[in-house]
Amino acid sequence: MKSWYQRNKNQWWALPGLLPLFLLPLAAWCNTFTVLDDGRTVLYYLPHALFMALMLIFDWAALPGIALAIFVRYFPGYGLSYTLNAILLMVGPLALCWFGYRVFVWRRYRVIFGSLSLTFSRCMWLVLIYSSIFLVWYQLAVFLGFLDGYYSLNGAEPLNIRTLINFQSLMVGTISGMPLCYFIIRAIRNPSFCRIFWLRLKKQFHPHVHLPEILTWFFLTGVLVALMVSKPGPSSTIFNTSYTFTLLLPLMLWAAMRFGYLFITTVWGISLIVLCRYFGNYVPDGEDFALQLAITSSCWMVFSFTIALMAAMTTRQRAVFFHVRQLALIDPVFQLHNLRALTRDTSKYASSLLCFIRIPELEILGRNYGLLFRIHYKQHLGMYLSQSLRENRKSV
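Description of the structure in this document. Keep in mind that what you see is a predicted model, and the values were worked out from it rather than measured.

### Points about the overall build of the chain
Then, number 1: If you tally the helices and strands in the chain, you get 14 helices and two strands.
Then, number 2: Its C-alpha atoms give the chain a radius of gyration of 27 Å, clearly above 21 Å, the size a compact globule of 396 residues would have.
Then, number 3: Each principal axis of the C-alpha atoms in the chain carries an extent, and together these give about 90 × 55 × 40 Å.
Then, number 4: Counting only residues that meet the buried cut, the chain has 46% of its 396 residues in that class.
Then, number 5: Taking contacts inside the chain between residues at least 6 apart in sequence as the whole, the part at least 24 apart equals 71%.

This is the structure in structure tokens:
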């Protein structure tokens, strides 16, 4: 049974067809809406991120399951005609942008989040272009009468502040929610991925990061988030307004540079869902409420892009620096530890023992059988001696 599951779990009728049915209601529960002027306004929309994460993992096999999940969600309340239009409007831009992304990145399309080159491609195709096409496509459907005007993302006048808020919110939900949905789906598909994810997350931490720094960051971030989501009282201060949200950016950039991509994208995605849900507690409600909401949603968008790109660049830079340091300790010909590594290892111990092995016949063998023989001989000798050394000792 287990082997059958492993062989067929990626088929369109298996996990790609079942997971959207269970995950779409959870993603929709995370959505945040409000009412401005003549219709509903999106503040945070997670289903797009879920659809893109499913495509990243299952490729085209995810489309039937996505269409089925949309049908199950909309048909009971809106009828067959509206449901079919909704499927077409959601699956159409998804398939179009996914095709462009696949052509652009070729075979590396499903690599785990954090790759710098793929971060730019995903932000372009799966966030910016996808949100733009979906917004235009949706408004065209309202104009042609396929959908109710109340649910239009643009309203009667496309070029208004409501359009700006909806467009920014669609991008915010996709860029912040896609890594989170990706990790959840990967964990469901293969539970051992949780351990892999945890090991990669720890590996991306800066080597000099210690527990007090992590606890300090969590404390400061928790205080700011608590101030924002708590209801303002008679003695409210400036920290109970959207001003506090701008203070989160330095903390998030600090985590992006010190803790790595996987950590900050996970924490930021969860934090943003909470902050968007309780936006009414820190966005002032007055005559300029729409303007304040537009400014806040632009901060959500700019912060999300900045955090994602900064985390990808710093994580990549740290990985390259670590790789270069490791190469500096390895002889390029023999692929064994060099004198620099010997100096580093001996400096760690108060007393060290150094052993020289001289093989006079190796020079003769090298003349008869070539340099490659000497290289292989030393490599195998180093491997053999390493097995006989005690723990925390290295051969050179």
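### Notes on the pairing of strand S2 (residues 39–44)
Then, number 1: Here S2 lies mainly inside the structure; five of its six residues are buried.
Then, number 2: In this structure, strand S1 (residues 32–36) lies alongside S2, joined through five bridges in antiparallel fashion. Paired with Thr-32 across the strands is Tyr-44, a residue of S2.

### As for the pattern of salt bridges
Then, number 1: Tallied over the full model, the rule gives two salt bridges.
Then, number 2: With its nearest N and O atoms 2.7 Å apart, the salt bridge here joins Asp-59 to Arg-102. Taken together, the residues span a long stretch of sequence, with Asp-59 in the loop between helix H3 (47–58) and helix H4 (62–105) and Arg-102 in helix H4 at a distance of 43 residues.
Then, number 3: Residue Arg-258 is joined to Glu-213 by a salt bridge in which the shortest nitrogen-to-oxygen separation is 2.9 Å. Of this pair, Arg-258 sits in helix H9 (residues 243–259) while Glu-213 sits in helix H8 (residues 211–229), and the two are 45 residues apart along the sequence.
Then, number 4: Accessibility expressed as a relative area gives 22% for Arg-258, which makes it partly exposed.
Then, number 5: Note on Glu-213: relative accessible area 17%, which makes it buried.

### Details of the packing of aromatic side chains
Then, number 1: The full count for this structure, using the stated rule, is 22 aromatic pairs.
Then, number 2: When the ring of Phe-134 is compared with that of Tyr-138, the centres are 5.1 Å apart and the planes differ by 55°; the resulting orientation is tilted. In this pair, Phe-134 and Tyr-138 are both assigned in helix H5 (residues 116–143), four residues apart and thus about one turn of the helix distant.
Then, number 3: One aromatic cluster in this structure is built from Phe-113, Tyr-182, Phe-183, Phe-193 and Phe-197.
Then, number 4: Over the aromatic face of Phe-33 sits the side chain of Arg-40, whose NZ or CZ is 4.3 Å from the ring centroid.
Then, number 5: The aromatic ring of Phe-113 is capped on one face by Arg-122, whose charged end is 4.5 Å from the ring centroid.

Parameters at a glance
- Residues numbered from 1 in each chain as written.
- Predicted model: local features only at pLDDT ≥ 70, side-chain atom pairs only at ≥ 80, totals over all residues.
- Heavy atoms only, no water.
- Helix = DSSP H or I, 4+ residues; strand = E, 2+ residues; numbered from the N terminus.
- Rg over C-alpha atoms; globule rule 2.2 N^0.38 Å.
- Buried < 20%, exposed > 50% of the residue type's maximum accessible area, 1.4 Å probe, protein only.
- Contact = heavy atoms within 4.5 Å.
- Pairing = 2+ DSSP bridges.
- Salt bridge = Lys/Arg side-chain N within 4 Å of Asp/Glu carboxyl O.
- Phe/Tyr/Trp six-rings, centres within 6.5 Å; stacked < 30°, edge-to-face > 60°.
- Lys NZ or Arg CZ within 6 Å of the ring centre and 35° of its normal.

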